[in-house]
Amino acid sequence: MNLTHATSITSHVDNSDGTAAITCPVCSNQKRISVAKLKHKKHVLKVRCSCKTIFNVLLNFRGHYRKSVSLSGVYRTYRQYYKGKGLAQITNISISGLQYRVVGLNRLIPGSFIDLDFQLDDKLHSPIKKRALVRYSHENVVGCEFFPKGDSDRVLSSYLFL
């Protein structure tokens, strides 16, 4: 069976050695390739497997695995002239941060500190409370990094690798 552009997969890059494991979506053949030279250039590769399947691979160069989610939560901000809270729809999360969509007007700016409260969609509906630094804010999308950086969270780690 030949697939051309019909299938796309994501491969997470191991930043310690600059390689990515690519698995064919048809035959499950796996190969580890060096992609370090592509980090600042090309993030989508067209791959042809030995079974003749052609598919696209999106390379994810992030420092940590990022999981797509749909979680509801609340954020609180403590800027000097604006103190407020709002609803957040979390769209992806990693051990070091998350991205969410603001419901309503977004007044957050990069450099702001926020507190986030949300529940995971695991069996226990585990509550998560995190302080974060806003790194990106455009229209109603906010990207933030958990603060402090070294704050480990066993519940979140377990959830990410379910």
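Here the structure is shown first, and the text comes after it.
Residues numbered from 1 in each chain as written. Predicted model: local features only at pLDDT ≥ 70, side-chain atom pairs only at ≥ 80, totals over all residues. Heavy atoms only, no water.

Participant: Any details on the state of the cysteines? Residues and values, ideally.
Facilitator: With the rule as written, the count across this model stands at zero disulfides. Left unpaired, Cys 24 is separated from the closest cysteine sulfur, that of Cys 27, by 3.7 Å. Given a relative accessible area of 3%, Cys 24 falls into the buried group. Distance from the sulfur of Cys 49, which forms no disulfide, to the nearest cysteine sulfur (Cys 27) is 3.6 Å. (Disulfide = S-S within 2.5 Å. Buried < 20%, exposed > 50% of the residue type's maximum accessible area, 1.4 Å probe, protein only.)

Participant: Residues and numbers for the packing of aromatic side chains, please.
Facilitator: Any aromatic ring pair is given by two values, namely how distant the centres are and how the planes are angled relative to each other. The tally for this structure, following the rule as stated, stands at two aromatic pairs. On the numbers, 5.6 Å between centres and 35 degrees between planes, the contact of Tyr 75 with Tyr 100 is tilted. Here Tyr 100 lies in strand S8 (residues 97-102) and Tyr 75 lies in strand S6 (residues 67-78), a separation of 25 residues in the sequence. Ring centres of Phe 113 and Phe 147 lie 5.0 Å apart, and the angle between their planes is 65 degrees; this geometry places the pair in the edge-to-face category. Linking Phe 113 in strand S9 (residues 113-119) with Phe 147 in the loop between strand S11 (141-146) and helix H1 (154-160), this pair joins segments that are 34 residues apart in sequence. (Phe/Tyr/Trp six-rings, centres within 6.5 Å; stacked < 30°, edge-to-face > 60°. Helix = DSSP H or I, 4+ residues; strand = E, 2+ residues; numbered from the N terminus.)

Participant: Quick rundown of the side chain of Asn 92? Include the residues and the values.
Facilitator: Of note, Asn 92 is situated in strand S7 (residues 83-93). Within polar-contact distance, the side chain of Asn 92 engages the side chain of Arg 66 at 2.5 Å. For Asn 92, the residues in contact, after removing those within four places along its chain, are Arg 66, Lys 67, Ser 68, Val 69, Leu 98 and Gln 99. (Polar contact = N/O pair within 3.5 Å; in protein donor to acceptor, adjacent residues only side chain to side chain. Contact = heavy atoms within 4.5 Å.)

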